[in-house]
Amino acid sequence: MNVIPLPAGLERRSVDELFESVVAAVDGRALFDARHVRFVDPNGMVALLCAARYLLDRTGMPARLQLPESTDAQSYMARIGFFAAAEGMLEWDHRPPRAAAGDSNVLLQITPITRNADVHEVVDRVQSAAGAILSRTLGYPQTAVVPFSVILSEVCQNVLEHAEAPGWVAAQAYNWQKRIGRHVLVISVGDMGRGFRGSLAEEHSARFGERWGDATALEAAFIHGLTRFPDSHRGQGIQQIRKQVRRWNGAISIRSGTARIADVPEWDDAPPLQDHLAPFPGAQISMILPSREPIDG
Amino acid sequence: MADARFDPVRIDVATLVRRSVASLYSHLVTRPTGRAVRLAIESQLLEAGDPSVSVIDFREVTILDYSCADEVVARLTRAYLSDDRPRDAFFLFRGVQEWHREPIQVVLDRQSLAAVVQPVESGVELAGTVTEAERDVWLEVERLGSIEGDPSDHFDDPEARAALARIVERRLVFPAPGGGVHALGALAAG
């Protein structure tokens, strides 16, 4: 049994650690040891689903999950719909808690994205919850629910159009008083598809020659708006998502293959480009939208 | 003045979404949805006269994403610009809400296209990429409703005449078969 210890904080900053452990796991059944997990966010949950799917595809067996000792962490995982989403990909050592209704900070439970109708479902679902969180928690105008829905739609379509594999999306609001003194909304979308390099290779790899790789593919899509489609009028999605996230002074990053690219606002210390990370198929898109005013402001 | 023979084709996009994609949805999101709606619009045009003016109504649409705007506004506009267009159709996009403007503007700009739009509770305007001269001439045609005879006679400035020729070519005004041009805003008002 390959034991993959999960970090205490299973979130954006520890996703690489998780992927590294998963890729390094030798053949055979795996166990995710989540006993010491105390905090999880949508990035961590979506990454864990991707990791579970990766192991299932590789071994043909669902990995086991040893649940967190922290009841808060367990309860959070239930509320955001992790156990339901992981059904068939993970087995747990004992019955996980049932999701209790009424966490006002969960904007969007983990939702699978496998077909066009799922994107409609996501957009429909966020209409009521998003309005309350965007305006009350983040202090955005009431109308912000519209551009928010549009970026969610575009980011989910990225899974359908480019990954050609299942993906998941989730969003939750947090109090980040200690980190940046503000509330934030964390949105994560992940898939286990062919990644940006695989998606763009046929159409664009030749012009990059030897420089072609995960980092250049991400730059091509993220900075230059290239897509796998020969139609040069496509590729607005990621560009428009970036523009809207910048308007909200938010952070956005895409992790694919061995690289990550990011738009980094002044409150974040993430590097704009990383390469030579643990190779992991698919793509994970993370967005963090901060409140307009400081919590004490 | 609107040509009395014209009965604009009125197309409610939200109804088309529900009819073409799924009865439960009224948001214009995802490229397949946009494509289905565009094809449904084109199918309705088959029953219209030739030439025709179609009013594509967005009033009941809350969310319009970039992929759908590309299909329903930019691709539709582009398809009827080319010489081998399927029909002689002109479009006016009505009921455009504040939050629809950016997706529409972005997708038109990306292809250097322009379209006539009518925001909710206001007059018609141009969206997309147009020169100042094109906009000025277009506004003059809209102000007048129509120009009978040779419309270039109405403009003394050669630059304005050239701009008039371009907005005719870009189908932002309607060239009457017997001469003259009509404002799409006036024709769409019916």
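Before reading further, recall that the structure is shown in the block above.
Reading guide: rules and limits
Residues numbered from 1 in each chain as written. Chains lettered and ligands numbered in written order. Predicted model: local features only at pLDDT ≥ 70, side-chain atom pairs only at ≥ 80, totals over all residues. Heavy atoms only, no water. Pairing = 2+ DSSP bridges. Helix = DSSP H or I, 4+ residues; strand = E, 2+ residues; numbered from the N terminus. Axes fitted to C-alpha atoms, helices over the stretch in contact; angles between N-to-C directions. Contact = heavy atoms within 4.5 Å. 1 Å grid on protein atoms, 1.4 Å probe; cavity = no way out; pocket = protein on both sides within 12 Å on 5 of 7 lines; lining within 4 Å. Points joined across faces, edges and corners; volume = space filled by probe spheres on them. Nonpolar A, V, L, I, M, F, W, Y, C, P; charged D, E, K, R; others polar. Buried < 20%, exposed > 50% of the residue type's maximum accessible area, 1.4 Å probe, protein only. Lys, Arg positive; Asp, Glu negative; His and termini not counted. Salt bridge = Lys/Arg side-chain N within 4 Å of Asp/Glu carboxyl O.

Draft legend 1. The arrangement of the sheet that holds strand 1 (residues 9–12) of chain B in detail. All names here are of chain B. If you walk across this open sheet you meet the five strands as 1-2-3-4-5, and the pairing is mixed. Only two strands of the sheet have a single neighbouring strand rather than two, namely strand 1 and strand 5 (125–128). Pairs of neighbouring strands in the sheet enclose a mean axial angle of 35°, with direction left out of account. Relative to strand 3 (residues 89–96), helix 3 (residues 66–79) is tilted by about 160°, and along the sheet it contacts strand 2 (52–57), strand 3 and strand 4 (114–119). Each of strand 3, strand 4 and strand 5 is contacted by helix 4 (residues 98–110), which is oriented at about 55° to strand 5, the strand it contacts most.

Draft legend 2. Geometry of empty space enclosed by the protein. All names here are of chain B. This model, assessed by the stated rule, comprises three cavities of 30 Å³ or more. The computed volume of the second largest cavity comes to approximately 110 Å³. What lines the second largest cavity is a set of 14 residues, and nearest its centre among them are Thr77, Phe91, Ala114, Arg170 and Arg171. Looking at the lining of the second largest cavity, the elements that each hand over two or more residues are strand 3 and strand 4. The element contributing the most residues to the lining of the second largest cavity is strand 3, with four residues. Of the residues contributing to the lining of the second largest cavity, the split by class is 11 nonpolar, one polar and two charged.

Draft legend 3. Inspection of the side chain of Glu142 of chain B at higher detail. Residue and element names in this part refer to chain B. Along the polypeptide, Glu142 turns up in helix 5 (residues 132–144). Although buried, Glu142 forms no salt bridge, and the nearest oppositely charged side chain, Arg94, lies 9.6 Å from it. In this structure Glu142 touches Val124, Ala183, Leu184, Gly185 and Ala186, once residues within four positions along its chain are discounted.

Draft legend 4. Broad picture of the sheet that holds strand 9 (residues 182–191) of chain A. Residues and elements named next belong to chain A. Pairing is antiparallel across the open sheet formed by seven strands, whose spatial order is 7-8-9-13-10-11-12. Lying at the two open borders of the sheet, with one neighbouring strand each, are strand 7 (106–113) and strand 12 (273–274). Of the strand pairs in this sheet, strand 10 (residues 251–257) and strand 13 (residues 280–290) are connected by seven bridges, and their pairing is antiparallel. Its bridge partner being in strand 13, Ser253 is matched across the sheet by Ser286. The sheet strands contacting helix 6 (residues 145–163) are strand 7, strand 8 (167–176), strand 9 and strand 13, and the helix crosses strand 9 at an angle near 20°.

Draft legend 5. Layout of the pattern of salt bridges. Going through the model one piece at a time under the given rule, you end up with 30 salt bridges over all chains. Measuring nitrogen to oxygen at the nearest pair gives 3.3 Å for the salt bridge that ties Arg53 of chain A to Asp57 of chain A. Here Arg53 of chain A pairs with Asp57 of chain A, and both are found in helix 2 (residues 42–59), just four residues apart, close to one helical turn. In this structure, the salt-bridge partner of Glu71 of chain B is Arg35 of chain B, at a minimum N-O distance of 3.8 Å. Of this pair, Glu71 of chain B sits in helix 3 while Arg35 of chain B sits in helix 2 (residues 31–45), and the two are 36 residues apart along the sequence. A relative accessible area of 1% means that Glu71 of chain B is categorised as buried. The exposure class assigned to Arg35 of chain B is partly exposed, which follows from its relative accessible area of 33%. One network of salt bridges, in which partners are shared, links Arg31, Arg35, Arg38, Glu42, Asp70, Glu71 and Arg75 of chain B.

Coordinates in, geometry out; function isn't part of it.
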